[in-house]
Amino acid sequence: ELGVRAMEEMIAQQSATPAVAAVGESAEPAASACPFARVAACFDELEQTASRNTMVSLLAALYKEASPEEVHKIVYLSQGRLVPAFERLEFGVGEALLRDAIATATETPLEEVRRQFVQVGDYGSLVATLLAGRPSGAVSVIEVYDGLYAVAVASGMVPAAHIATVFSWAVR
């Protein structure tokens, strides 16, 4: 519920902006894809602040950089969701599978992932530690969201290799 009102206002503004120019008018250039690394950095900043006003400002700045298609995905991701609360969608990815995916995606031996997790205590922080110093890629919010959504809606067991591939997009 971080700045829900600000999120709703931003979505309304983005939705009200015409996507296609009328004949004879010059269209604005299409917004480039918002890199997921930018979203992750914003989420890190959000975790570091207790000020609600600062949180709203950080999110508003992020939404301004995103396309209308990306904004709603970022809103859900900021809530730890992929869909609205009234839709039931579970990841169904256990800790062991997540650990294997982290090891594969970061090219780190599984035992090292386990050892460092005990020290760090959080998989997000662990990934940041494992990737420290590596250049970040330009994977987009939409690519990461779509990959996470595909994992979440897959029926039955999802192969660890598929989860590792999706996860690799997010950490590039």
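Structure: see above.
Conventions adopted
- Residues numbered from 1 in each chain as written.
- Predicted model: local features only at pLDDT ≥ 70, side-chain atom pairs only at ≥ 80, totals over all residues.
- Heavy atoms only, no water.
- Axes fitted to C-alpha atoms, helices over the stretch in contact; angles between N-to-C directions.
- Helix = DSSP H or I, 4+ residues; strand = E, 2+ residues; numbered from the N terminus.
- Left-handed = near helix turned anticlockwise from the far one by under 90°.
- Contact = heavy atoms within 4.5 Å.
- Nonpolar A, V, L, I, M, F, W, Y, C, P; charged D, E, K, R; others polar.
- Parallel < 35°, antiparallel > 145°, perpendicular 65-115°, else oblique.
- Phe/Tyr/Trp six-rings, centres within 6.5 Å; stacked < 30°, edge-to-face > 60°.
- Buried < 20%, exposed > 50% of the residue type's maximum accessible area, 1.4 Å probe, protein only.
- Salt bridge = Lys/Arg side-chain N within 4 Å of Asp/Glu carboxyl O.

**Focus on the packing of helix α5 (residues 95–106) against helix α6 (residues 110–120)**
Part 1: Relative orientation of the contacting elements α5 and α6 amounts to 115°, with a least axis distance of 9 Å. As α5 runs across α6, the sense of the crossing is right-handed. Only Leu110, Val113, Arg114 and Phe117 of α6 make contact with α5, whose side of the interface consists of Glu95, Arg99, Asp100, Ile102 and Ala103.
Part 2: Class assignment of the residues belonging to the contact of α5 with α6 gives a composition of five nonpolar, no polar and four charged.

**Notes on the packing of helix α4 (residues 68–78) against helix α8 (residues 141–153)**
Part 1: Between α4 and α8, the shortest axis-to-axis distance is 10 Å and the interhelical angle comes to 55°. Here α4 lies oblique to α8, going by the angle between them. When the axes of α4 and α8 are compared, the crossing they make is left-handed. Facing α4, whose interface residues are Glu69, Glu70, Lys73, Ile74, Tyr76 and Leu77, α8 presents Val141, Ile142, Tyr145, Asp146 and Leu148.

**Quick notes on the packing of aromatic side chains**
Part 1: On inspection of all chains with the given rule, the structure shows two aromatic pairs.
Part 2: Plain terms: the ring middles of phenylalanine 117 and tyrosine 123 are 4.0 Å apart, the flat faces sit at 10° to each other, and that makes the pair stacked.
Part 3: The class of tyrosine 123 is buried, set by a relative accessible area of 13%.
Part 4: Relative to tyrosine 149, the ring of tyrosine 145 has its centre 6.2 Å away and its plane inclined at 15°; by these criteria the two rings are stacked. Of the two residues, tyrosine 145 and tyrosine 149 both sit in helix α8, four residues apart, roughly one turn of that helix.

**Comments concerning the environment of leucine 110**
Part 1: One can find leucine 110 in helix α6.
Part 2: Each C-alpha atom, one on leucine 110 and one on arginine 99, is 7.4 Å from the other, the two residues being eleven residues apart in sequence.
Part 3: If we ignore the near neighbours within four places in the chain, the residues touching leucine 110 are Arg99, Asp100 and Ala103.

**Remarks on the pattern of salt bridges**
Part 1: For the structure shown, the criterion picks out four salt bridges.
Part 2: Between glutamate 65 and arginine 38 there is a salt bridge whose closest N-O contact spans 2.9 Å. Highlighted residues: glutamate 65 in helix α3 (residues 52–65) and arginine 38 in helix α2 (residues 36–48), separated in sequence by 27 residues.
Part 3: Given the relative accessible area of 22%, arginine 38 is considered partly exposed.

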